[in-house]
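# A structural walkthrough
Given next are the chains, with one letter for each unit.
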Amino acid sequence: MAEFDIASYVSRIEANRSVKDALMQGLKTRRPPYRISVTDLLNLKQAYFRRKYPEIVPPLEKQQLMWAGTGFHKTFGSAVSSEEYLEQFVEAEGIVGKLDIYAKIPVEVKTTSTPVDTKDLLQYRPTYVEQLGMYCAMVNAHEGEIIIYQRQVEESPSTSPLIVYHVTFPDLKAIREEMRRRRDLLVQALISNDPGNLPACLWFGRQCDYAQVCDCATTSVQASHEIAKLAGELYVDSTTCEQLLSKMAGPRPSQPFGINDIVFPRKAYFKRLRLQEIALGEEVREEKEGHLRSMDERGFLDALRDSLRYGAPGEAQRIPVQHLPLVDLVQVWQDLPTILRDPKFSSLVERERLTRAFSHYFLRLGFDCALTENPKGRLLLYYARVPKEDAKLMVYDVTFRKLDAIKGEALHRVELLEKAGTALQLPKCPSWLCSYCDYRVECGEA
Ligand code: SF4
Ligand code: SF4
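This section reports on the structure supplied with the text. Only a predicted model underlies this, so the values are computations on that prediction, with no experimental measurement involved. Counting restarts for each chain, with residues numbered from 1 along the sequence as it is written. Following the order in which they are written, the chains are lettered starting with A and the ligands numbered starting with 1. Local features in this predicted model are restricted to residues whose pLDDT is 70 or higher, and side-chain atom pairs enter the listing and the counts only when it is 80 or higher, whereas totals over whole chains, interfaces and linings include all residues.

Okay, the overall build of the protein chain next. Where helices and strands are cited, they refer to DSSP runs of H or I of at least four residues and of E of at least two residues respectively, numbered from the N terminus. A count of helical and extended segments in the protein chain gives 18 helices and 13 strands. We call two residues in contact when their backbone-placed C-beta atoms lie within 7 Å. In the protein chain, once contacts between residues fewer than 6 apart in sequence are set aside, the share between residues at least 24 apart is 73%.

Okay, structure coming up:
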């Protein structure tokens, strides 16, 4: 199989000093205390302690439950909606949020292992309603849905695994006001290092990771749910529930591929095989790895990621790409497909060697560019191990030639992946990856 050499499709690489300087400057002068998210506004005290004590992390069992939840969100989302509507990032009033599904109206997906009392959501799960209310206010929608997936229904098989609530919010202005109030309260507490004015969380008294450091035993501001109280109509929407259940039970479209799968097709092949064997376990492990990685890279890299994802209004977009079964979103920043990577090298790679040293980055960026028909893309490299602060970040503007051929290779790989009977029929990953790879025995690279 002739190897596709992305280096020969790169016509120019320019180091973009002004973008690098602007990014560094923006990050250095970023106003403390960070970006506030919708989740922060649900439990202000917890948000405060999460920021002040990043070293406190939830115990493994709790994390595993969270990861399993994330796995469900992904699977459920792709079963009932399509990629361009999943995980939509929104920002308003300096507050950021991520909607699980947003086509016509915001939809929030929840998983729980405690059976939900369908009679009174406001009483038993006010934060679900609050979260949806905030998203509705952010996208100016007067109604939304909460989908609750109840795990462990085997014990009570008559219970439907899904419950759907339809909720209306007639007064979005009042919700926005309350959001601003909470945001300012949290910001003030962070600046003054004093959580005293923040209300205790709803599950005050139950097991909480921050119980050791929290002042909730001595402060008396009670949890309030002003936003939940602003909900108008709230009813169990059994029609939508039926539709969702039949969509989930219907013939499942084969799992789509992402752009990374065609950069590393053999890995994608093995991953699928293994996923079929142990559906959930693998997912949990991967989420765990992702989580640990992100813990590790917190700080500058996170802030950088944030700027690319949210940016100034209009600066950041995620463009859907669909060539079934390839479905993904391409990150576009300042009108260019942009990827951020963090090589583990302790010195910078010279420009002439970039395409060899990082062929997979160029392949990914090339695919992103070709699939969005953009000859130019941007590669941001953050070398965490380079000691000098100003030398850690490099920004390269990369121009590709023969976009059609790159796109052709992308689609060819999708086809190969779909049809491959063995991994050997697929292009290899970069050889350095093999020594760390779990599949090297099956792949014949051990
Ligand atoms: S100890 Fe209670 S009030 Fe404090 S952060 Fe945890 S749940 Fe919230
Ligand atoms: S062993 Fe190498 S080629 Fe095979 S899947 Fe792993 S990284 Fe890819």
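So much for the structure itself; the text now carries on.
Another aspect to go through is the site of ligand 2. Looking at ligand 2, the residues that line it are Arg 266, Lys 267, Phe 270, Lys 428, Cys 429, Leu 433, Cys 434, Cys 437, Tyr 439, Arg 440, Cys 443 and Glu 445. Of all the elements, helix H11 (residues 265–277) adds the most residues to the shell around ligand 2, at three residues. Just so you know the grouping, Ala, Val, Leu, Ile, Met, Phe, Trp, Tyr, Cys and Pro go in nonpolar, Asp, Glu, Lys and Arg go in charged, and all remaining residues, Gly too, go in polar. Residues belonging to the shell around ligand 2 are distributed by class as follows: seven nonpolar, no polar and five charged. Each residue gets a C-beta atom placed from its backbone. Should that atom fall within 6 Å of a molecule or strand, the residue is termed near it.

Not every one of the 13 residues close to ligand 1 is listed here, only the nearest: Ala 200, Cys 201, Cys 208, Cys 214 and Cys 216. Per-class residue counts for the shell around ligand 1 are 10 nonpolar, two polar and one charged.

The next point concerns the pairing of strand S3 (residues 86–92). Both S3 and strand S4 (residues 95–102) contribute to a ladder of six bridges, which runs antiparallel. Across the sheet, residue Gln 88 finds its bridge partner in S4, namely Leu 99. For two strands to pair, DSSP has to find at least two bridges joining them. The turn linking S3 back onto S4 is made up of two residues, and Glu 93 within it adopts a positive phi angle of 55 degrees.

Here the focus is helix H3 (residues 44–52). With C-beta atoms placed from the backbone, a residue is buried if 20 or more other C-beta atoms are within 10 Å of its own, exposed if 12 or fewer are, and partly exposed between those counts. Taken together, the buried positions of H3 are occupied by Leu 44, Lys 45, Gln 46, Ala 47, Tyr 48 and Phe 49. Residues of H3 that are buried sit in contact with helix H2 (38–42) and helix H7 (172–192).

Moving on to the packing of H3 against H7. Axes here refer to lines fitted to C-alpha atoms; in helices the fit is confined to the stretch in contact. Angles between the N-to-C directions go from 0 to 180 degrees. Two elements in contact, H3 and H7, have axes whose closest approach is 10 Å; the angle formed by their N-to-C orientations is 35 degrees. Two packed elements cross with a definite hand, and for H3 against H7 that hand is right-handed. In this structure, H3 contributes Leu 44, Ala 47, Tyr 48 and Arg 51 to the contact, and H7 contributes Arg 182, Leu 185, Leu 186, Ala 189 and Leu 190. Residues that form the contact of H3 with H7 fall into these classes: seven nonpolar, no polar and two charged. Take the far helix as the reference: if the near one is turned anticlockwise from it by less than a right angle, the crossing is left-handed, and if turned clockwise, right-handed.

This paragraph deals with the nonpolar core. In a soluble, globular protein the nonpolar side chains are often hidden away together inside. Note on terminology: a nonpolar core is any set of buried Ala, Val, Leu, Ile, Met, Phe, Trp, Tyr and Cys residues joined through C-beta atoms within 7 Å. In terms of nonpolar packing, the biggest core is built from 47 residues, with Leu 41 and Met 134 touching the most fellow members. Ranked by the residues each element gives to this core, the list is headed by helix H6 (residues 126–139), at eight residues. Each residue touching Leu 41, except ones within four places of it in the same chain, is listed here: Ile 36, Ile 95, Met 134, Met 179, Arg 182 and Arg 183. Counting residues in hydrophobic clusters, the runner-up holds 44 residues, among them Phe 264, Leu 336, Met 394 and Phe 400.

Let us look at the packing of helix H15 (residues 359–371) against helix H16 (residues 403–419). Running from N to C, H15 and H16 cross one another at 105 degrees; their axes reach a closest spacing of 8 Å. One finds that H15 runs roughly perpendicular with respect to H16. Contact residues: Gly 366, Phe 367, Cys 369, Ala 370 and Leu 371 in H15; Leu 403, Ile 406, Lys 407 and Ala 410 in H16. For the contact of H15 with H16, the per-class residue count stands at seven nonpolar, one polar and one charged. Working definition: roughly parallel below 35 degrees, roughly antiparallel above 145 degrees, roughly perpendicular at 65 to 115 degrees, and oblique for all remaining angles.

Let us look at the pairing of strand S7 (residues 162–168). As paired elements, strand S6 (residues 143–150) and S7 share seven bridges and run antiparallel to each other. The residue bridging Tyr 149 from the neighbouring strand is Leu 162, located in S7. Where S7 lies against strand S8 (residues 234–236), three bridges are found, and the strand directions are antiparallel. Of the residues in S8, the one forming a bridge with His 166 is Tyr 235.

Bringing the sheet that holds strand S9 (residues 316–323) into the picture now. Think of a sheet as strands paired side by side through backbone hydrogen bonds, with each pair either parallel or antiparallel. The strand order across the open sheet built from six strands is S1-S13-S12-S11-S10-S9, with neighbouring strands paired in mixed fashion. Each end of this open sheet is capped by a strand with a single partner; those strands are strand S1 (10–15) and S9. Strand-to-strand twist in this sheet, taken as the mean axis angle between neighbours without regard to direction, amounts to 35 degrees. Pairing of strand S11 (residues 336–341) with strand S12 (residues 376–382), which is carried by four bridges, proceeds in the parallel orientation. Looking at the pairing, Leu 340 lines up with Leu 380 of S12.

Take the environment of Thr 168 next. In this fold, Thr 168 is placed in strand S7. For the pair Thr 168 and Gly 144, spaced 24 residues apart in sequence, the C-alpha to C-alpha distance is 6.5 Å. With residues near it in sequence (within four places) discarded, Thr 168 still touches His 142, Glu 143, Gly 232 and Glu 233.

Moving on: unusual backbone geometry. Note: most peptide bonds trans; most residues except glycine with negative phi. Geometrically, the link from Leu 324 to Pro 325 is a cis peptide bond, its omega value of 5 degrees lying close to zero. Structurally, Pro 325 can be placed in the loop between S9 and strand S10 (326–333). Phi at Glu 373 takes a positive value of approximately 55 degrees, unusual for a residue other than glycine. Secondary-structure assignment places Glu 373 in the loop between H15 and S12. Here Lys 402, not a glycine, exhibits a phi torsion of approximately 50 degrees, which is positive. Here Lys 402 lies in the loop between strand S13 (393–400) and H16. A count of 15 C-beta atoms within 10 Å places Lys 402 in the partly exposed class.

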